[in-house]
Amino acid sequence: MAGKRAAKQKDDGREPAADDAAVVVLPPDCRLAAQAALKAELLGVLEKGAIVVLDGSQVERADTAALQLLVLFRRELQACGGTLDWRGASETLNEAAGLLGLAQILELPAAGLA
Amino acid sequence: MSAVDLTQFHKTFFEESREGLDAMEAALLALDSGSTDHELVHTIFRAAHSIKGGAATFGFSDVAAFTHVAESLLEEVRSERRAVEAELIDLMLRSVDCLRAMLARSSSGQPVADADSEALRGELMRLASGEAAVATVVAPKAAPANGWDIRFVALPHLLQTGNDPLRLFRELQQLGRLEVRRAFVVDRAPARLADLDPSQCHLGWELRLHGAVARGDVDAVFDWLDGDCELAVEAMAEETPAAAAEPAPAGVPAATPAPAADPRPARETAVASSEGGSIRVGIDKVDALINMMGELVITQSMLSDIGENFQLSQLERLREGLLQLERTTRELQESVMRIRMLPIGSVFNRFPRLVRDLERKLGKQVKLELHGEHTELDKTVLEKIGDPLVHLVRNAIDHGLEMPAQRKAAGKAETGTLKLNAYHEGGNIVVQISDDGAGLNHAAIVAKAQQRGLIAAGQELSDAEVAELIFQPGFSTAAQATDLSGRGVGMDVVRRNVRDLGGSVGVRSESGKGSVFTIALPLTLAIIDGLVTAVGHERYIVPLTSIVESLRLRPEAVRRIAGGGEVFHFRDEYLPIMRLHRAFGCADAITDIERGIVVVIEDDNRRVGLLVDELLGQQQAVIKSLEAHYRRVQGVSGATILSDGSVALIVDVGGVVRLGRRSKAA
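Rules of the game
Residues numbered from 1 in each chain as written. Chains lettered and ligands numbered in written order. Predicted model: local features only at pLDDT ≥ 70, side-chain atom pairs only at ≥ 80, totals over all residues. Heavy atoms only, no water. Helix = DSSP H or I, 4+ residues; strand = E, 2+ residues; numbered from the N terminus. Buried < 20%, exposed > 50% of the residue type's maximum accessible area, 1.4 Å probe, protein only. Contact = heavy atoms within 4.5 Å. Areas by Shrake-Rupley, 256 points an atom, 1.4 Å probe, with all protein chains shown as cover. Axes fitted to C-alpha atoms, helices over the stretch in contact; angles between N-to-C directions. Parallel < 35°, antiparallel > 145°, perpendicular 65-115°, else oblique. Left-handed = near helix turned anticlockwise from the far one by under 90°. Salt bridge = Lys/Arg side-chain N within 4 Å of Asp/Glu carboxyl O. Buried area = accessible area lost by both parts, 1.4 Å probe. Polar contact = N/O pair within 3.5 Å; in protein donor to acceptor, adjacent residues only side chain to side chain. Core = buried A, V, L, I, M, F, W, Y, C linked by side-chain atoms within 4.5 Å. Pairing = 2+ DSSP bridges. Expected span 1.5 Å × (residues − 1). Phe/Tyr/Trp six-rings, centres within 6.5 Å; stacked < 30°, edge-to-face > 60°. Lys NZ or Arg CZ within 6 Å of the ring centre and 35° of its normal. Nonpolar A, V, L, I, M, F, W, Y, C, P; charged D, E, K, R; others polar. pLDDT = per-residue confidence, 0-100.

Observations concerning the overall build of chain A
Along its length, chain A carries 4 helices and 5 strands. Reading chain A from its N terminus to its C terminus gives the helix and strand order β-β-α-β-β-α-β-α-α. A total of 114 residues make up chain A; the buried ones form 53% of that total. Contacts in chain A between residues far apart in sequence, at least 24 positions, make up 70% of those at least 6 positions apart. For chain A, the accessible area works out to roughly 4,900 Å², and carbon and sulfur atoms hold 51% of it.

Set out below in structure tokens:
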């Protein structure tokens, strides 16, 4: 699983990720079993940065619990005055978020941009 | 007329109507499978007729109007002006479903006629009097709903049951266009991410499902979520009804009511029972009860006669009287218990229909065999066993039995056999669901378990261990998911429900030959026959049904094994000895094995010997929950009060055997 700042400056032309932006790469299997780790990672970046970049391009499997985690993460991030950016989101992630009506709340970019 | 409050009869009407519908369904299915018995037609007609009459009397005009059309169609069949055709049977079966739903709605005070029922009524009328009738049949209010507004709020534990809203929404999408009008985080969600338990769900949705979807189909999606979510489904409010006014095409809904038909009545009965359900008792049972009562009165008067002016010479008569009292009390108790016992046939009866519908939907051929329908079960147990059984039957047909072509290729008959069997075994009722299908897919289960992290990669598992995996929460080999089963909701819920009833469920499977699911249920939840044993100053009750033998061991029969365990030789095997005084920490107990008594108990074909001080006698014990009064204690299933007023604990045989085996293994 990629570390917090693993893929810091792999510029894909979309994210003007500032140097202090924390990057979290969502794991390919982003389902319930993976979420304790993901939560810890998200909590870590919550303390740090004003800008958090999520990379969802590798997500192959997602479930409601994953999206709920992201929604609550974004809510808290906003409450602290931070912003959330996406470095990409896989089709799976988009499909799941779309189906659950959470794509807009999460401000997911369309698939393929990743 | 107005002086009589008819509402007091409503409940009876609903009950009778449901029974009528059951009879109608059974007769229709018999006709469907080729029976030409004319009496069946009469049965169907009579049922429809009395529902119509009752509905009209009690002012359920929608039900009456619906049944009227069905009845006139049936009248034509009865007078042999119309042949019994597949189309007619299909339509009638759907009418039965529809009437069930209508009755359920009437009994809960909701509007009775809906789009489905009116569309169906249209079809019935069209069949009854030719195509011309269609236009006049469909009244404006008859328009099917254009969709459903669904409010769905997950309860925290929803995800833990293996249900994922994502999957549910996908299923809804299959029915029609799904629009998420609002997704929200509920108030009880933790404010801070740090406090979030990811396995708890705190989301809610307002959905709109567009399209002429039957209510039953919507309900079917949320089947099994009872108690795991808050759910409200309402017909979509706006949009002009005209567009969808034509009756639904005959073929489409025909296949679908099956999942809807089962959950709904079940849910209704659950509601009814919570408000003090009623029970129908055969007159013979009541007579037996009155007989016993008479005996009891005689015994009582005899005893009080002796007591009036007692002399020692009457001691023998007193003893006799007491013996008689004991006997009568026991018989009375049995008679009373029997009142609550109902034949399992009432649950089995829903399966022919379920199987028929699944057959058509999946294109499989299934022969259903029912055995032991007369086996009686406690009403509470019976009510709760329905859903798990439905689930197992669906699974067996969906996953177990192969498609006809596959079966042929495997050298089996194209028609698969599904057997339901109920019988007594010891103090239990055993229900078996067996199929001659492909058996559990060993490889797929192992792969899934590894993927879910339940077992390590490369771990070798025995068949029994693999079978056990399917009972893990949320376990479903999703590769074979269909809308019938494989929603990831599954065997764990079945096991939970069965365990709640004090029963157990297991599976045996042989690749290519089929699987057998076995559910063992206690006969009653309240009383057991037990052997009272003494250990130190304590009394323990061992359920009689699990005792194999009790014996006194000679010292040389006992062997010590490494690790401090003790075993003894018993009928070709070595059994571990479980010292009850050690397990439960009793002081002043006999510790020499040769001075105590060993009671051999058996659970699930595994045996251990319990060392106790002595046997005090046999007694019936009314089980009091230890959990309710104290807390759960390992190895103890409950407590009871002895005749001298002291408390005795009841040994949980399953738990003790497991403990004993573990200490042997250690």
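There is more to say after this.
Comments concerning the overall build of chain B
When you go through chain B residue by residue, the secondary structure sums to 23 helices and 22 strands. Long-range contacts, defined here as pairs at least 24 residues apart, represent 70% of the contacts in chain B between residues at least 6 apart. By element, 52% of the accessible surface of chain B is carried by carbon and sulfur atoms, the whole surface being about 32,000 Å².

Brief notes about the packing of helix H3 (residues 61-78) of chain B against helix H4 (residues 86-107) of chain B
Residues and elements named next belong to chain B. Close contact between H3 and H4 brings their axes to 11 Å; oriented N to C, the two are set at 160 degrees. When the axes of H3 and H4 are compared, the pair comes out roughly antiparallel. Judged by the twist between their axes, the crossing of H3 over H4 is left-handed. Side by side, H3 and H4 meet where Asp62, Val63, Phe66, Thr67, Ala70, Leu73, Leu74 and Val77 of the first sit next to Leu88, Met92, Ser95, Cys98, Leu99, Met102, Leu103 and Ser106 of the second.

Comments concerning the pattern of salt bridges
All names here are of chain B. Enumeration according to the criterion identifies 42 salt bridges over all chains in this entry. Linking lysine 379 and glutamate 383 is a salt bridge whose minimum nitrogen-to-oxygen distance equals 2.5 Å. Here lysine 379 pairs with glutamate 383, and both are found in helix H16 (residues 379-400), just 4 residues apart, close to one helical turn. A relative accessible area of 40% means that glutamate 383 is categorised as partly exposed. In this structure, the salt-bridge partner of arginine 495 is glutamate 468, at a minimum N-O distance of 2.6 Å. A residue pair is termed long-range when its members are at least 10 positions apart, and arginine 495 in helix H20 (residues 491-500) and glutamate 468 in helix H19 (residues 463-469) qualify at 27 residues. Note on glutamate 468: relative accessible area 36%, which makes it partly exposed.

Some thoughts on the interface of chain A and chain B
In this assembly, 27 residues from chain A lie in contact with 27 residues from chain B. Summing both partners gives a buried area of about 2,200 Å² for chain A against chain B, and 63% of it is carried by carbon and sulfur. Across the contact surface, chain A and chain B share 1 salt bridge. Among the ionic pairs, Glu95(A) bridges to Arg170(B), the shortest N-O distance being 2.7 Å. In this structure, the connection of chain A to chain B is made through 10 residue pairs in polar contact (both at pLDDT 80 or more).

Here's the deal with the nonpolar core
Counting residues in each nonpolar core, the largest one holds 58 residues, and the members touching the most others are Leu26(A), Ile150(B), Phe152(B) and Phe169(B). The element best represented in this core is helix H2 (residues 64-79) of chain A, accounting for 9 residues. By size, the runner-up hydrophobic cluster in this structure holds 46 residues, among which are Phe348(B), Leu358(B), Leu362(B) and Ile433(B).

Let's talk about the environment of Pro165(B)
Checked against the element boundaries, Pro165(B) lands in helix H7 (residues 165-175). Excluding residues within four positions of it along the chain, Pro165(B) makes contact with Thr64(A), Leu100(A), Phe152(B), Leu158(B), Leu159(B) and Trp205(B).

Side note on the pairing of strand E1 (residues 22-25) of chain A
Residues and elements named next belong to chain A. Where burial is concerned, the two faces of E1 agree: the one with Ala22 and Val24 and the one with Val23 and Val25 are both buried. Relative to strand E3 (residues 51-56), E1 runs parallel, the two sharing 4 bridges. Considered in E3, the bridge of alanine 22 is made with valine 52.

What to know about helix H13 (residues 315-339) of chain B
With 25 residues, H13(B) should reach 36 Å at 1.5 Å per residue; the first-to-last C-alpha distance of 36 Å fits that figure. Here H13(B) has its buried residues at Gly321(B), Thr328(B), Leu332(B), Ser335(B) and Ile339(B).

Points about H2(A)
Residue and element names in this part refer to chain A. Between its first and last C-alpha, H2 extends 22 Å over 16 residues, near the 22 Å set by a 1.5 Å rise per residue. Among the 16 residues that make up H2, 13 are buried, leaving the element largely enclosed by the rest of the structure. Where H2 terminates, the next one or two residues include glycine 81, which has phi positive at roughly 90 degrees.

Details of the environment of Ala467(B)
Residue and element names in this part refer to chain B. Locating alanine 467 in the fold gives a position in helix H19. Taking the C-alpha atoms as reference points, alanine 467 and serine 509, 42 residues apart in sequence, are found 7.6 Å from one another. Contact partners of alanine 467, with chain neighbours within four places excluded, come to Leu440 and Val507.

Digging into the sheet that holds E3(A)
Residues and elements named next belong to chain A. Judged by pairing direction, the sheet is parallel, and its 3 strands sit side by side in the order E1-E3-E5 without closing on themselves. A strand with exactly one partner marks an edge of an open sheet, and here the two such strands are E1 and strand E5 (83-89). This sheet shows a mean twist of 20 degrees between the axes of neighbouring strands, independent of strand direction. Helix-sheet contacts for H2 involve E3 and E5, and the interaxial angle to E5 is about 145 degrees.

Some thoughts on the packing of aromatic side chains
Residue and element names in this part refer to chain B. All told, the structure shown has 11 aromatic pairs over all chains when counted by the stated rule. Their ring planes at 50 degrees and their centres at 5.5 Å tell us that phenylalanine 13 and phenylalanine 14 sit as a pair that is tilted. The two residues phenylalanine 13 and phenylalanine 14 agree in class, both being buried. The structure contains a cluster of three or more aromatic residues connected by ring pairs, namely Phe13, Phe14, Phe58 and Phe60. Taking the ring centre of phenylalanine 45 as reference, the NZ or CZ of arginine 78 above it sits at 3.9 Å.

Describing the pairing of strand E21 (residues 636-641) of chain B
All names here are of chain B. Sheet topology places E21 next to strand E22 (residues 647-651); 5 bridges connect them, and they run antiparallel. Each bridged residue has a counterpart across the sheet, and for glycine 638 the counterpart in E22 is isoleucine 650. Between the end of E21 and the start of E22, which pair antiparallel, lie 5 residues, with glycine 645 showing a positive phi angle near 90 degrees.

Details of the packing of helix H2 (residues 38-57) of chain B against H3(B)
Two measures define how a pair of helices packs: the angle their axes make with one another and the distance between the axes. Residue and element names in this part refer to chain B. Closest axis-to-axis distance for the H2/H3 pair is 9 Å, and the angle between their directions is 155 degrees. Considering their axes alone, H2 and H3 lie roughly antiparallel with respect to each other. Relative to H3, the crossing made by H2 is left-handed. Packed against H2, whose contacting residues are His38, Val41, His42, Ile44, Phe45, Ala48, His49, Ile51, Lys52, Ala55 and Ala56, the element H3 presents Val63, Ala64, Thr67, His68, Glu71, Leu74, Glu75, Val77 and Arg78 at the interface. For the contact of H2 with H3, the residue count by class is 11 nonpolar, 5 polar and 4 charged.

Notes on the sheet that holds strand E20 (residues 614-622) of chain B
For sheets, the rule is that strands pair by backbone hydrogen bonds, running either parallel or antiparallel. All names here are of chain B. Strand order in the open sheet formed by 5 strands is E20-E12-E13-E22-E21, with mixed pairing between adjacent strands. With one partner strand each, in any of the chains shown, E20 and E21 form the two edges of the open sheet. Across this sheet, the average inter-strand angle for adjacent strands is 35 degrees, counted without regard to direction.

Here we look at the confidence of the model for chain A
Reading fine detail from the predicted coordinates is not recommended where pLDDT is low. Here chain A shows a mean pLDDT of 77. Residues at 70 or above account for 77%. Throughout residues 1-18 of chain A the model reports pLDDT below 50, and contacts reaching past four residues in sequence, or to other chains, amount to 38 contacts.

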